[in-house]
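Each chain, written out:
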Amino acid sequence: MERLEFESGRPLPDEYLLELGRMMAMWPHLEFGLDLVIGRLMGFDLHDARPVIAFAHANFQQRVEIFSTLCNRMQADHIQLENYDAVLKKIRGAQKGRNKYAHNIIALDGSGGLAVTPIMAKGVFKMVPEPVRLSEIKEVTAKIFDAARALHALVVPLQNINSNS
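What you see is a predicted model; the values in this text were computed from it and never measured. (Residues numbered from 1 in each chain as written. Predicted model: local features only at pLDDT ≥ 70, side-chain atom pairs only at ≥ 80, totals over all residues. Heavy atoms only, no water.)

Chemist: Before we go on, may I ask you to explain the overall build of the chain in this structure?
Modeler: The helix and strand tally for the chain stands at five helices and five strands. Listing the helices and strands of the chain from first to last along the sequence gives α-α-α-α-β-β-β-β-β-α. Seen through its principal axes, the chain has C-alpha atoms that stretch 60 × 40 × 30 Å. By residue count, 35% of the 165 residues in the chain fall in the buried class. Nonlocal contacts in the chain, meaning residues at least 24 apart in sequence, comprise 62% of its contacts between residues at least 6 apart. By element, 56% of the accessible surface of the chain is carried by carbon and sulfur atoms, the whole surface being about 10400 Å². (Helix = DSSP H or I, 4+ residues; strand = E, 2+ residues; numbered from the N terminus. Buried < 20%, exposed > 50% of the residue type's maximum accessible area, 1.4 Å probe, protein only. Contact = heavy atoms within 4.5 Å. Areas by Shrake-Rupley, 256 points an atom, 1.4 Å probe, with all protein chains shown as cover.)

So this is what it looks like as structure tokens:
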């Protein structure tokens with residue numbers, strides 16, 4: 001198979017490609033952090049691979065629901081979980097932003113700018129382009145980083161949770 005060479009600015013301007021790549025590179029950190037926290041909430045040691053293995057094929061939304069349910073169930077007994085809803089909000093905001101760019105068409109809009117075009121087909125088919133600004137992609141990356149950091153901060157006090165809780 002012949003290796004393709006992309007000229008600069010293809011398929012999108014390089015500065016957008018850089019930020020989209022950064023966003024996508026940050027995403028696995030959030031996913032893995034979520035797996036670690038779920039594992040701790042279930043009483044596993046941080047170095048135990050079993051929760052990571054168990055959730056390797058679960059989609060992100062399923063993991064978020066597991067996290068939310070475990071936190072809700074355990075918050076009465078573990079003060080460190082009392083503000084889990086703030087972490088959950090950050091995770092969901094990061095997910096929404098990432099999905100906008102990861103699962104939709106991004107292309108030049110014909111007037112020198114870029115547009116992201118979500119495709120909706122729930123009852124009615126719609127494709128409605130929205131302008132894309134570099135600053136918006138950077139903000140999504142920052143939200144992913146912030147959510148990952150919030151999960152990390154939650155892991156530290158979870159050292160006191162054991163499997164007998």
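From this point, things continue past the structure.
Chemist: How should the environment of Arg50 be read in this particular structure?
Modeler: Its location among the elements puts Arg50 in helix H2 (residues 50-55). For Arg50, a relative accessible area of 51% corresponds to the exposed category. The spatial distance from the C-alpha of Arg50 to the C-alpha of Gly39 is 8.0 Å, given a sequence separation of 11 residues.

Chemist: Teacher, can you tell me more about the pairing of strand E3 (residues 119-122) here?
Modeler: A regular strand places its side chains on the two faces of the sheet in alternate fashion. Pairing of E3 with strand E4 (residues 124-127) involves four bridges; the strand directions are antiparallel. Bridge pairing links Met120 to Lys126 in E4. Hairpin connection between E3 and E4: a loop of one residue separates the two successive antiparallel strands, and Gly123 in this loop has a positive phi of roughly 85°. (Pairing = 2+ DSSP bridges.)

Chemist: Explain the packing of helix H3 (residues 60-74) against helix H4 (residues 84-102) here, please?
Modeler: A packed helix pair is summarised by two numbers, namely the angle formed by the two axes and the spacing between the axes. One can describe the packing of H3 onto H4 by two numbers: an axis separation of 10 Å at closest approach and a directional angle of 170°. In terms of orientation, H3 and H4 fall into the roughly antiparallel class. Listed contacts from H4 to Phe60, Gln61, Val64, Glu65, Phe67, Ser68, Cys71 and Asn72 of H3 are Tyr84, Val87, Leu88, Ile91, Arg92 and Gln95. The class makeup of the residues in the contact of H3 with H4 is eight nonpolar, four polar and two charged. (Axes fitted to C-alpha atoms, helices over the stretch in contact; angles between N-to-C directions. Parallel < 35°, antiparallel > 145°, perpendicular 65-115°, else oblique. Nonpolar A, V, L, I, M, F, W, Y, C, P; charged D, E, K, R; others polar.)

Chemist: It is not clear to me how the pattern of salt bridges should be interpreted in this structure. Could you clarify?
Modeler: Side chains that carry opposite charge are capable of pairing whenever their charged atoms lie near each other. Inspection of every chain in the model, using the stated rule, returns 12 salt bridges. Across the pair Glu5 and Arg3 runs a salt bridge whose closest N-O atoms are separated by 2.9 Å. Residue Glu5 is classed as exposed on the basis of its relative accessible area, which comes to 60%. Between Glu19 and Arg22 there is a salt bridge, and its shortest N-O distance comes to 3.0 Å. Of the two residues, Glu19 and Arg22 both sit in helix H1 (residues 14-41), three residues apart, roughly one turn of that helix. With a relative accessible area of 7%, Glu19 lands in the buried category. Note on Arg22: relative accessible area 40%, which makes it partly exposed. Overlapping salt bridges bring together Glu31, Asp35 and Arg63 as one network. (Salt bridge = Lys/Arg side-chain N within 4 Å of Asp/Glu carboxyl O.)

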